[in-house]
Every structure is written in structure tokens, then in C-alpha cells.
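Analysis of the macromolecular model
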Amino acid sequence: MEKTIVIVDDSESIREVVGFTLNNAGHKVLSAVDGQDALRFFNGEKIDLVVTDLHMPVMDGIELIREIRNKDDYKFVPILFLTTESQQAKKMEAKEAGATGWIVKPFVPEKLLAAISKVVR
Amino acid sequence: MEQFKKKFLEEANDLINSLEDSLLILEEKPTEKKIIEEVFRVMHSLKGGSSMFGFAKMDAFTHELETIYDMIRSGTLSVTREILDITLAAVDHLKVLLENGEEISETQQNNQNILLSRIHKIINKDAQEEITADTATSNVAAHKESEDKSKVYEKVPTYFIAIKPEEDIFRNGTNPMLLIDELHTLGHCKAFVKTSRLPSFEQLDPEKAFFYWEVFLATDKSIDEIKDVFIFVEDVCNVTISRIADDNLLAKTVFIRELDNFIEPVKETGQSELEAFVAKLKYNEPSLQEEGLSFRADEAAPMKRLSINNIRVSSEKLDDLMNLVSELVTVQASLSLFADNQDNPELAAISESIEKISRQLRDNTFEICLIPIETIMIRFKRLVRDLSNELDKEIQFTTEGTETELDKSIIDGLSEPLMHIFRNAIDHGIEPAEDRLAKGKPRKGKIAFKSYYSGTNVYIQVKDDGRGIDVEKIRQKAIARGFISPEANLSYKELLNLVFLPGFSTAAKVSEVSGRGVGLDVVVKKINDIRGDVEIESQLGVGTTFTIKLPLTLSIIDGLLVKIDKTFFVLPLSSVDKCFEVQDDALVKSFNNKIVLDGKQVPFINLRKEFDIHDNKPILHQIIQVNHDDFKIGLSVDTVIGEYQAVLKPLGRMFKDLEIVSGATILGDGTIALVLDPARVINTFDRETLERREKLYRENHRKDIQLHAGY
């Protein structure tokens, strides 16, 4: 079934490849360049999943997760963050902020879809 | 994937440029937290992207760099000259990697190794046990699908999994049902829900989780792979996994039948009870074949377009667009001409709106093609830094007005000559610190870059406060080279301009940096190629300034269409000031080539005379007053036809030395009009202008000239 997925990353290529993969899997993709930018999508519309990078200018991923968890309408939305193997501390911080899961970079499209199917279906 | 790779490469290019920029700022403010973060972030993005798109070498490389900046960020390391040097060298190497992809030559590989070892040294020196850098981070390959879906499940072991979510599990956006679903994709699976924790309806908080599950799973996957299902919920969900049989219990009908009786929904199943239950039923019955499960994402889903604010377009497409617009403007000109001759008001109206639209289209297209000078500045900042290091000179580089926009093709053509000018300024211009101090100048040399709009032109200035140009030396050299005769009486300006002659180089010794046998004449040529002009001003001991004047765009200009006898000419509207009508007498009888316009004496050039056109001399002439530098000067023509959008076409090789004409344009009826370059026309035909400018210059610089030019 089609899901509405917000992807947040400051890298255009990552946004594009993630967006392309998700589009191909039949989802609706909303993309944002940073946390601040992403918040405009949380306006009462249904959002099924958020995929966000952690390192971003203006508003980073952790803060975005906190913001989303503070919104009554969205506090149960699954949130996946993109991370690298080396960032254990960041991972914990993100989980504590309320992230549902993570996707380890680098990832191939199948891995991305697999991670997503873990939290939304 | 290929298209993304390409996109990534473009993006990486941008990232590397911004990285370079940040690094240079960092050099000045080594403790600036924001910049360090920025550098780290760029490294991080580069690393992420490169590993994702399979650039293993770049990935490995950026990984190490990222480590350094992570350490700086966390305060274990501070920014030093050494680190910056290595990083900048690394940035250069990254550029090589970007260019050549994964196939790099042996020397480049060597470079990479040397750089890596230096980076390692930095990392290890300051944090002994911190990082165990395994360079080969990219093991994406460990992602193989189990291909044998139709495997017989009889032989696979059976696991018992108890899943007890904490009440608050929803807070993280986790849906535990999906975990159960996922277990079903691993193999043959049977799940039981347990309701013992469920409170009465009045006490039920719908935001909390009360169910828990017990699952029997027969799978060929390892226990670690089963654990992977729960990877996101480790801390919010209590999961126990135990292996209860070496073969597939779920394939045994007895087991299934008994299982329903054995499991009680309101009671947790104890480990020992379960073991006893399994032992009793084991090996009781032949197994049944199980159908393989197959799960596939819907691949045929339609691709959707998302709304985007910015798009990247290849520059070829822009060039094509520009060419098409040029063609359109030409065709539109024929249409207007045709409409004018038809005496058909409807057609005239259509033709007029088309003219309007094509004008707007033209302006829009221009705007698209404009890019800020900023884009090439990084290169120069870097050049100044590297060169001043190499030559052991201290230089402060300032930029101003880098947001000034110019046509893409002009910017392309600009970087090489600018590079040359900068090299000159650093190598020949700025003196070593000791010399400067001795001369009473500040220790640090100054190079200032400035660009600004003026009318439809853009001016670019590179100014240094170095030793300046010694015109006397130039004179002697020019005499020695045979450019001028020893008796020649040249003005200060003319002497200075000698440096633009081919084969003229003032440096006493040939240095590696700028004296490579390519003189400033190349700069002039390159700038002329993009219809620009270069001027040089210099004062001995004070400094040198190069000023480049450029048109905003190259291909279409707004012009004034005029006619002399049967020939059409176009003058760029930007330089036209006013038009006057004068009697033939006034021209013929004019004294000293001056004519009174608007109550002022204005010098004029009789184009009829200069172009050798003698037929059909009119009684009334039109004088087009144009602005030239700070002066006004008249150009006489026969008739003024009107405004005209001229699409500039090159005249071809045969006329490339014809300076006064910057190109040709095709009129609506197919005739050709020559586009004149007023500045060149004036410089070619009017000695007076030169003399007048000279006088002004002489007044300003009387002293210098007396000293150095022998006046």
C-alpha cells in the first residue's frame, strides 16, 4: 500500500536515491533539506514514516525527532535515521530522542526497503 | 544507479569546493566551532555518498579525514598548520579521485598511501587507542539473498521466541505486529498472542502496549539473523530466543494439533514445560512438505514526480536553449519586417506580441545563464594561499562583490586570464616581507579582488600593493627587443601597455610560477575573446591594478540599427547616449573635428570618411553621441532606423583581426548588419581621445612621469 514518507537529508544525491527507491516501491515521497524544512510537512496530513539524516545544517536529525515526538498527531510515527557504523553515541542519542530504528550507510536500495518494512507496512 | 552516480559526482564537486572554502576560513579562525562543524559535515556527506555509490577509494579516504575532524570537533585535537596542509592536499587528491573514478594511476595511488599514512600519524599521535581504522569499511557485499526459496523446511531447526514489549514501545513509533510479520518472512512460523497483561477496558490506555507473543519459527537462518529482526527494539522489548528442535516441528501435523491445546493465551509458557512438550512429540510422524514462502515488493509501481524548487541542468542544454532563443529572435525580426510591409493590423498585432514575448524569453534565458563570480573565486583563494606559501610571501587576500553575476560562458573564459593576473601579482607584484618592511609598507602584502556592475558591463579589478611596474625598465626592454625605437616619445600609458605585447616579459629571471614564456598578451587575447578589455594601471612602489571590463552577456545585444549608404550597422544601445541631426555643412566645416551638440563641443568621427563610403551623401547626417570612458563622442551616420535586438554571429576567421566590428547580425530581410564596438572604433579612429586621456593622466601622475618616464 502507498505510504507517505518524508525524507530529510542535506545531500541531494542521497535524497534522490532514497526518493527514487521509495517511489519505485510505490510510496509517496516528500523531501526536505534539513529538520526545519521537514517540519512544514507535519501540518495534519498523514505521514507514515520519516527517514532522516542526523548531520544537517539548521536543524539536525536529533532535534527533528524530538520535535516530531512532541506533536500529538505524530508522536507514534515511525522514524528511521541514517547513520554510519562508527556513530554509536549518536545512535543512542537518536534512540533516546524517540527514533524507531536506523539505516546504516552505505546502503543499497534493498537494504533501505528492508529496514523500512521493519517499521511500516 | 548510473544517473545517481553522475548526480553524486556533481554534488561531490560542489562539496569539495565548499570544503576548500571552509578550510581556508578555518586557517584564519582555527577555533571557530561553526566552521569545524561545517568541515566535518562535508566530510561526512562525502563519505556517505562515496560509499553508497561504490567509490571505495574515496570512501576509505574521506573516512580517515572525517575521523580527524571528528576529533577536532570533540576537542581531542586542535587545528594545526600540519592538519590543514594535509587536508588541502587530501582535497586535491579527492579531486583526482572524482575525476578518474576508481581507476587511478600508480603515482596517484602512491599519493593516496602517503597521505593516508600521514593522516594515520595525526590520528594516532593524539589519541593512542582511539581509532582502529580498518580502511576497508565498505563491505556492502555481505548482502546476499537466500536464493533457494523452495527449500524443504523439514530439515531446518525450530526456534521458540518470546516477545514481551515494554508498555511504552509505541513511543518510539514501533509497531510490534510488524516484528511478528517479519518473523513470518524468515521461515515457517506460528505465533500465539498472550493477553494476560491486558487490563480491564476502563483501565486500558490505548497508547500503551499490553499484548505479548510467543512464536514458533522453523528456519534455516541463524540465531543472529533472527535477532536482527529485533535490532531496533532491543531496549524497549524483552526478547528471548531458544532453539527447541533440530528439525522442523511445524511440519509435523501432530505438533500443530497438540500445540493449540498446549499454549494458553493468558499464561506465559515456561521453558521446562515446553521442553517436555517437545520431547514427547518428537519423531512421532512423518513430516509434510511445506510450501516455500515468497515475498516480493511490488516492483511495477508507477514512479511519481515530486515538486522541486531547484533543478540541475547540464550546461549544454543551456547553450542549446540560448542558441534557440537567438534563432527565435532572428526569425521574429523577419516576421516584424513582413508584418510591417503587409499593412494588416491583425498580423501587426500578432507580430508585436511575439516580439514582446521573445524579448522576455531572451531576458529570462540570460538570467538563467548568469552565475556569480563567487563560483571561480575558491580557485583563486587557493592559488593565493599555495603560491604565497611556496614563495614565502605573506599575503592577505580580500574579495569584494563576488556575488556579481556574469554569463556562464564569460565566467568560463575568465578563469584562465585571471589566474595569470593573480600569478603575476603574487610572483612579481608582492615583495618579500623584509623588503616590504624596509620600504615602510605593512609586512603583509595585499591583493584585493573586486567586481561590480556598471551599465551593461561588469568590471573586475585585481589590485596589489606590491612593487608596481617600472616603466623605464619597460622602455629599455622594448627598445632592446625592437618594439620601439630609442627616440620614440611614448606616454606613460602607452609604455605600460607595452607589457601586453606578445613576447614581452619584464621579469629578469624566469621563475616557475609566472615566467613560463606566456606573457600578458595571452591575458589580453583571452579577455578579448569574450569581448572584454583589460587595462593596467601601476605606480612604482605603490602597486598595480588590472581592470577587466566585460559585457554582461555574449550572444544577443540590444542595439541601435543605423545605416550608412546601403550598409547597416548596429551600435550597442548600452553605449548610446543621444542622437542628433546635423547639416552636412556642419560636418564639413567643423573645426578641429569638433561639433557643437547641446551647447557643448563634442569631438566626432565621420564614419563615412573612415569607412571609405562616398556614394549617396545625404544632406542631413545623424550624429550618435556615445559614451566612451568619461567622455562623449559623436559618430556620424546617414540614418537611424531604430532599436534592434541583434543576435551576434562571429564574422569568421578571415575577419578575426578586424577589431572595430564585434560581429554581424542578420536582419529580418536577410541582409547583414555589422555590429560595431564603439570603444574600438574610437580608439582606432580618434587619436584625440587618446591624447586627451593622456593629458588627464599626466595631470594626475605628473610626478611619476617626471621621475620614471623622463618627461
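Check the entry above for the structure.
Residues numbered from 1 in each chain as written. Chains lettered and ligands numbered in written order. Predicted model: local features only at pLDDT ≥ 70, side-chain atom pairs only at ≥ 80, totals over all residues. Heavy atoms only, no water.

Some details on the overall build of chain A
When its secondary structure is counted, chain A shows five helices and five strands. Across chain A, helices and strands are ordered from the amino to the carboxyl terminus as β-α-β-α-β-α-β-α-β-α. Within chain A, contacts between residues separated by at least 24 positions form 61% of all contacts whose residues are at least 6 apart in sequence. For chain A, the accessible surface area stands at approximately 4500 Å², while carbon and sulfur atoms represent 49% of it. (Helix = DSSP H or I, 4+ residues; strand = E, 2+ residues; numbered from the N terminus. Contact = heavy atoms within 4.5 Å. Areas by Shrake-Rupley, 256 points an atom, 1.4 Å probe, with all protein chains shown as cover.)

Focus on the sheet that holds strand β21 (residues 672-676) of chain B
In sheet architecture, strand pairing relies on hydrogen bonds along the backbone and comes in two forms, parallel and antiparallel. All names here are of chain B. Across the sheet, which stays open at both edges, the five strands sit in the order β19-β12-β13-β21-β20 with mixed pairing between neighbours. The sheet is open, and its two edges are formed by β19 (639-647) and β20 (661-666), each paired on a single side. Averaged over neighbouring strand pairs, the angle between their axes works out to 35° when direction is ignored. (Pairing = 2+ DSSP bridges. Axes fitted to C-alpha atoms, helices over the stretch in contact; angles between N-to-C directions.)

Structural notes on the side chain of H621 of chain B
Residue and element names in this part refer to chain B. Inspection of the secondary structure puts H621 in strand β17 (residues 620-628). Given a relative accessible area of 1%, H621 falls into the buried group. One polar contact links H621 to D584, side chain to side chain, over a distance of 2.8 Å. (Buried < 20%, exposed > 50% of the residue type's maximum accessible area, 1.4 Å probe, protein only. Polar contact = N/O pair within 3.5 Å; in protein donor to acceptor, adjacent residues only side chain to side chain.)

Topic: the side chain of T62 of chain B
With respect to the helices and strands, the residue T62 of chain B is situated in helix α3 (residues 56-74). For T62 of chain B, the contacting residues outside a window of four places in its chain are M43, L46, K47, S50 and L94 of chain B.

Here's the deal with the packing of aromatic side chains
All names here are of chain B. This structure, assessed with the given rule, holds 12 aromatic pairs over all chains. Measuring from ring centre to ring centre gives 5.5 Å for Y452 and Y459, while their planes differ by 15°; the resulting arrangement is stacked. A residue is classified by how much of its surface remains accessible, and Y452, at 29% relative accessible area, is partly exposed. One aromatic cluster is present, formed by F380, F397, F422 and F449 through successive ring pairs. Here the guanidinium or amino end of K164 rests over the ring plane of Y212, the centre of that ring lying 5.0 Å away. (Phe/Tyr/Trp six-rings, centres within 6.5 Å; stacked < 30°, edge-to-face > 60°. Lys NZ or Arg CZ within 6 Å of the ring centre and 35° of its normal.)

Digging into the interface of chain B and chain A
Contact residues are listed per partner, giving 41 residues for chain B and 46 residues for chain A. Approximately 4000 Å² of surface area, both sides summed, lies buried where chain B meets chain A, with 59% of it carried by carbon and sulfur atoms. On inspection of chain B and its partner chain A, the count reaches three salt bridges. Of the charged contacts in the structure, one is a salt bridge between E207 of chain B and K75 of chain A, with a shortest N-O distance of 3.4 Å. Taken together, the connections running from chain B to chain A amount to 12 residue pairs in polar contact (both at pLDDT 80 or more). Listed by contribution, the elements that provide at least two residues to the side of chain B that touches chain A are α1 (2-28), α2 (33-52), α6 (176-186) and α7 (223-229) of chain B. For the side of chain B that touches chain A, the leading source of residues is α2 of chain B, giving eight residues. (Buried area = accessible area lost by both parts, 1.4 Å probe. Salt bridge = Lys/Arg side-chain N within 4 Å of Asp/Glu carboxyl O.)

Focus on a nonpolar patch on the surface
On the surface, a cluster of nonpolar side chains totalling about 450 Å² of accessible area is made up of V193, L198, F201, L204 and F211 of chain B. We classify F211 of chain B as partly exposed; its relative accessible area is 35%. (Patch = residues over 30% accessible without salt bridge, like charges linked within 9 Å, V, L, I, M, F, W, Y side chains within 5 Å.)

Focus on the environment of E258 of chain B
With respect to the helices, strands and loops of the structure, E258 of chain B is situated in helix α8 (residues 253-262). Taking C-alpha positions, E258 of chain B is 9.1 Å from F277 of chain B, a pair spaced 19 residues apart along the chain.

What about unusual backbone geometry?
If you check the backbone angles, V58 of chain A has positive phi at about 65° while not being a glycine. Mapped onto the elements, V58 of chain A comes out in the loop between β3 (49-53) and α3 (61-69). Phi is positive for N616 of chain B, which is not a glycine, with a value near 50°. Within the element layout of this structure, N616 of chain B appears in the loop between α19 (607-610) and β17.

Here we look at the pattern of salt bridges
Residues and elements named next belong to chain B. Evaluation of the coordinates by the stated rule reveals 38 salt bridges over all chains. Across the pair E27 and R81 runs a salt bridge, and its minimum N-O distance is 3.8 Å. Of this pair, E27 sits in helix α1 while R81 sits in helix α4 (residues 81-100), and the two are 54 residues apart along the sequence. On the basis of relative accessibility, which here comes to 25%, the residue E27 falls in the partly exposed class. Judged by its relative accessible area of 46%, R81 is partly exposed. Residue E416 is joined to K526 by a salt bridge in which the shortest nitrogen-to-oxygen separation is 3.7 Å. You can see E416 sitting in helix α13 (residues 408-429) and its partner K526 sitting in helix α17 (residues 520-529), a full 110 residues away along the chain. Exposure remark for E416: the relative accessible area of 47% places this residue in the partly exposed category. Given a relative accessible area of 29%, K526 falls into the partly exposed group. Counted as one network, the salt bridges with shared partners bring together E20, E27, R81, D85, D92, K95, R382, R385 and D386.

Re α2 of chain B
Residues and elements named next belong to chain B. Here α2 is 20 residues long and its end C-alpha atoms lie 28 Å apart, about the 28 Å a rise of 1.5 Å per residue gives. The element α2 is extensively covered by neighbouring structure, given that 16 of its 20 residues are classed as buried. Within two residues after α2, G54 carries a phi angle of roughly 80°, on the positive side. (Expected span 1.5 Å × (residues − 1).)

Side note on helix α10 (residues 315-342) of chain B
Every α-helix carries 3.6 residues per turn, so stepping three or four residues along brings you back to the same face. Residues and elements named next belong to chain B. Between its terminal C-alpha atoms α10 stretches 40 Å, which fits the 40 Å expected from 28 residues at 1.5 Å a residue. Taken together, the buried positions of α10 are L318, M322, V325, S326, V329, T330, Q332, A333, S336 and A339. Considering only its buried residues, α10 is in contact with α11 (345-369), β12 (556-564), β19 and β20. Where α10 terminates, the next one or two residues include D343, which has phi positive at roughly 60°.

Remarks on the nonpolar core
Residue and element names in this part refer to chain B. Core analysis: the biggest nonpolar cluster contains 108 residues, and Y69 and L183 have the highest contact counts within it. Looking at which domains feed residues into this core, each of domain 1 (2-124) and domain 2 (137-291) supplies at least three. When near neighbours in sequence (up to four residues on either side) are disregarded, Y69 contacts L23, L26, I36, V39, F40, M43, I83, L84 and T87. With 48 residues, the next largest nonpolar core counts I410, Y492, L498 and I536 among its residues. (Core = buried A, V, L, I, M, F, W, Y, C linked by side-chain atoms within 4.5 Å. Domains from an automatic or database assignment.)

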